[in-house]
Structure formats: structure tokens, C-alpha cells
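Notes for the structure review
Here's the letter readout for the chains.
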Amino acid sequence: KWAEGSDGKVTWSIGKATLDLTDAAWNYDENTNFVYDGNAHIVEIVNVTLPSDVSIRYSNNTQTNASDNYLAVAELVYNSNNYNLVGTLPDSLTWKIAKADLAVQWGDALDREYTGDVSPLPLAKVVTPKGDHIDFEIVNKFEGQFKNVGTYNFTVGGFIDSEENGANFLYCAAPRKE
């Protein structure tokens, strides 16, 4: 019941909510070990619960190819009229995806016994972490045929650092299969 002379008006207000960012952090640190595998790798902000009308806008936080120098940025998207912030989002993040190791797998025995016949070049196979095959060729550094007793050195050709293979894979020598 309203008192005599009351006009029936009520005043009320909605105060700002508090948005606590003190524990916000990137899900990446110096111990994170992303290695190229053909799949996307993602860095993002963790340890913060956001209301439905607040989000984080990212740039450069999802990458697939190997690189030592990605720069991810996170921006809080919110209405400052509705929230008081406690803490801040972490600064931008420099992150990397390491090259995957590629090892040549020799397909046949390299140590052979003299027969008097010409010995064929050894076979080499390279398989990427995605299961793709990369075409390589065996390059010999000697003129002539492999027939006589001796030691012969081979290199694997076709691996060029400036191409996609070189951008995502680190070539390393593998033990020969015998």
C-alpha cells in the first residue's frame, strides 16, 4: 500500500559486473612443443571464464606450417559500460611450430659382396608425418658403375629448403637398413 501523497515511483539500478582476468594466460610457453604434422596448431587464452556477451578476438593464433616466428594477439571484446576489469589479458605471444624430422629409410642392404656384376643404386624412401611420400633421388658422386670392391658415398637429392618440404621438415640422416 502506498502512503498518502506518494507518486508510486521507485528508483533502482544495475551495477557493473566484475570480469576477473588475473589468471588469464596463453596455453603456450617455452615447454610447449608444437611440431609440424600437417594439422593446425592453436594458441589461445585459458584460465578465464567469460560471460556470454564477452569474447576474445584472436589474430594469428592458428597455424599449420613450421615457423619460428608467429605472433598471436588476443583482444577482449566487451562493453566497458557493463564490466569492471580486474587484471588484463596477457600481451601478444611469439610462438613457433618446429620442423618435423625427416629421415631417409634405406630400402635395401648397402653392404654388398663382390659378384663381378654392376650393383644397382640403393633405394631410399621418405615418408612425412602425414604419411605422404616425398620424391627423392639417389645422387652418386662418382662417374661410372658400382661394380668393383670399394666404398661409395650417396646423397639424397631433391630436398630444397626454399620449397614446402624444406619449410616444414628438417632433413636428418638415418641409419641405413641392412
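These remarks concern the structure in this document. In every chain, residue numbers begin from 1 and rise along the written sequence. Two thresholds apply to this predicted model, a pLDDT of at least 70 for residue-level local features and 80 or more for giving and counting side-chain atom pairs, whereas whole-chain, interface and lining totals are computed over all residues. For side-chain calculations, the full set of non-hydrogen atoms in the structure is used, while hydrogens and water are omitted.

**Notes on the nonpolar core**
Counting 23 residues, the largest nonpolar core has Val43, Ile45, Leu89 and Trp95 as the members making the most contacts within it. Strands are runs of DSSP state E lasting at least 2 residues, helices are runs of H or I lasting at least 4, and numbering of each runs from the N terminus. Elements that contribute at least two residues to this core include exactly β7 (67–77) and β9 (93–97). Per element, the largest residue contribution to this core is 4 residues, and it comes from β7. Once residues within four sequence positions are removed from consideration, Ile45 is found in contact with Ala24, Ala25, Trp26, Ile56, Tyr58, Ala74, Leu89 and Pro90. Definition used in this section: a nonpolar core is a set of buried Ala, Val, Leu, Ile, Met, Phe, Trp, Tyr and Cys residues joined via side-chain atoms within 4.5 Å. The cut-offs for exposure are 20% and 50% of the maximum accessible area for each residue type, with area from a 1.4 Å probe on protein chains only; residues under the lower value are buried, those over the upper are exposed, and the others partly exposed. Residue contacts follow a heavy-atom distance rule, with two residues in contact if any of their heavy atoms lie within 4.5 Å.

**Some words on the side chain of Asn61**
Positionally, Asn61 belongs in the loop between β5 (55–59) and β6 (62–63). In this structure the side chain of Asn61 is engaged in a polar contact, spanning 2.9 Å, whose partner is the backbone oxygen of Val43. Excluding its chain neighbours within four sequence positions, the residues that come into contact with Asn61 are His41, Ile42, Val43, Ala72 and Trp95. Think of a polar contact as two N or O atoms within 3.5 Å of one another; within protein, one of them needs to be a possible hydrogen donor and the other a possible acceptor, and neighboring residues in sequence only count if both atoms come from side chains.

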